[in-house]
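# Structural characterization, general
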Amino acid sequence: MESDKNWGLAAVGLTGTLGVIALLAALGAMIFGVGYFSCSSETRTDAPARVSEPVEAQPVPADDMVGMGLASVLERAGLEARLLVFFERGGERIYGVDVHGAEAIEAWELLRAYTDESGFYPVILGEGAAVRLHRQVIDGFEAPSVILESALIVDVDAWREARVQQYGAPPRGTYEFVSPQQVHVAATTDILTGTPFEHVAIALVPTRSPWEVPAYLGYGGWNECPPPEVHVALMKRWYQRHGAEIVSATQDTVEMQVARPPIDQPAALELATEHYVYCSDIVYQGTGDLDALAAGLESAPMWFFWWD
């Protein structure tokens, strides 16, 4: 993947004076309500509505027994969306559905509830164009099995210390607890207008383990975004410690739902340090300091990451 690729800004069409600050402000406001980002929380009601394109994907072939079996599971689950073939990775097909943004979270929850039966984990890729963008670069990565093997030997603690040395200690501030607000998954919505996308792609990845999703998507390895095997290793740790599961992976953002967030300041600061080395932009272009990040994580049901 090209190191200077910045799909997200191109996809949302941010130009002129809006820039990065508006992106962070809108995302922070939608996900956390207040406090997570220090910018204004207002969306632009005067911004023109953006038309999201339908997902570009093929229907499941009649001789695809895995796909037909998955389609049968979705039918029993009551999901009316047509099953599609998004792309292939390492000889395995990644399927998916095209749903309206207003229905995407409900569809994701339904698909997640059937993961044990179907053998496929759902992840929201963003608006319809996301599938085409993923397809353009995904063949440049190693097979999922190779990435998963590499993830097994990642020393997360050593990697964390190396990143702290690379970035330096994060700036500190004042810890002020922020009450969690209504959760919103930003990947389903136009961040400028707050309007749900007409087309949202939800991929179905052939694994029951949430932390393995980045290996199948070949996610990471550009700019300061960690390589796929590090995503896998960290997400496995966060799943084991916090019950964190990936919900969305757009071209430059990741969102995770959290069953067991940190419940006090020391635990929140420890986790915030891991988030900082994983995605330093959420401090340097977001909260401004480690303490504000930690305060936003305490008891928060959702995590958000964005790489410039």
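Residues numbered from 1 in each chain as written. Predicted model: local features only at pLDDT ≥ 70, side-chain atom pairs only at ≥ 80, totals over all residues. Heavy atoms only, no water.

## Examining the overall build of the chain
Rule in force here: Numbering of helices and strands starts at the N terminus; helices are DSSP runs of H or I of at least 4 residues and strands are runs of E of at least 2. Throughout this description, buried means an accessible area under 20% of the type-specific maximum (1.4 Å probe, protein chains only), exposed means over 50%, and partly exposed covers the range between. Working rule for contacts: check all heavy atoms of both residues, and any pair within 4.5 Å makes them a contact. For every accessible area listed, the method is Shrake-Rupley and the probe measures 1.4 Å; residues are considered covered only by the protein chains on display.
Counting its secondary structure elements, the chain contains 13 helices and 8 strands. Buried positions account for 56% of the 308 residues belonging to the chain. Counting only contacts in the chain whose residues sit at least 6 apart along the sequence, the fraction spanning at least 24 positions is 76%. Summed over its atoms, the accessible surface of the chain is roughly 13,000 Å², and 49% of this surface lies on carbon and sulfur atoms.

## Points about the packing of aromatic side chains
Cut-off, in case you're wondering: Stacked, tilted and edge-to-face are the three classes applied to pairs of Phe, Tyr and Trp rings, where Trp contributes its six-membered ring and a pair requires centres within 6.5 Å; stacked means planes under 30 degrees apart, edge-to-face means over 60, and tilted covers the rest.
Counted by the stated rule, this structure contains 14 aromatic pairs. Each ring, one from Trp-238 and one from Phe-305, has its centre 5.8 Å from the other, and the planes form 5°; the classification is stacked. Of the two residues, Trp-238 is situated in helix α10 (residues 228-242) and Phe-305 in strand β8 (residues 302-306); the sequence distance between them amounts to 67 residues. Here Trp-238 and Phe-305 have matching classes, each one buried. Ring plane angle 85° and centroid distance 5.2 Å describe the contact between Tyr-278 and Trp-307, whose orientation is recorded as edge-to-face.

## Quick word on the packing of helix α8 (residues 156-167) against α10
Applied cut-off: Lines fitted to the C-alpha atoms define the axes, with helices restricted to the stretch that makes contact. Angles between their N-to-C directions range from 0 to 180 degrees. By the definition adopted for this analysis, an angle is roughly parallel if under 35 degrees, roughly antiparallel if over 145, roughly perpendicular if from 65 to 115, and oblique otherwise. The crossing is said to be left-handed when, going from far helix to near helix, the turn is anticlockwise and less than a right angle, and right-handed when the turn is clockwise. Residue classes follow a fixed rule: Ala, Val, Leu, Ile, Met, Phe, Trp, Tyr, Cys and Pro count as nonpolar, while Asp, Glu, Lys and Arg count as charged, and any other residue, Gly among them, counts as polar.
Remark: α8 packs on α10, axes separated minimally by 11 Å, with the N-to-C direction vectors making an angle of 115°. Here α10 runs roughly perpendicular to α8, going by the angle between their axes. Taken as a pair, α8 and α10 cross one another with a handedness that is left-handed. Of α10, the residues touching α8 (which contributes Val-156, Asp-157 and Trp-159) are Val-230, Ala-233, Leu-234 and Arg-237. A class-by-class count of the residues in the contact of α8 with α10 yields 5 nonpolar, no polar and 2 charged.

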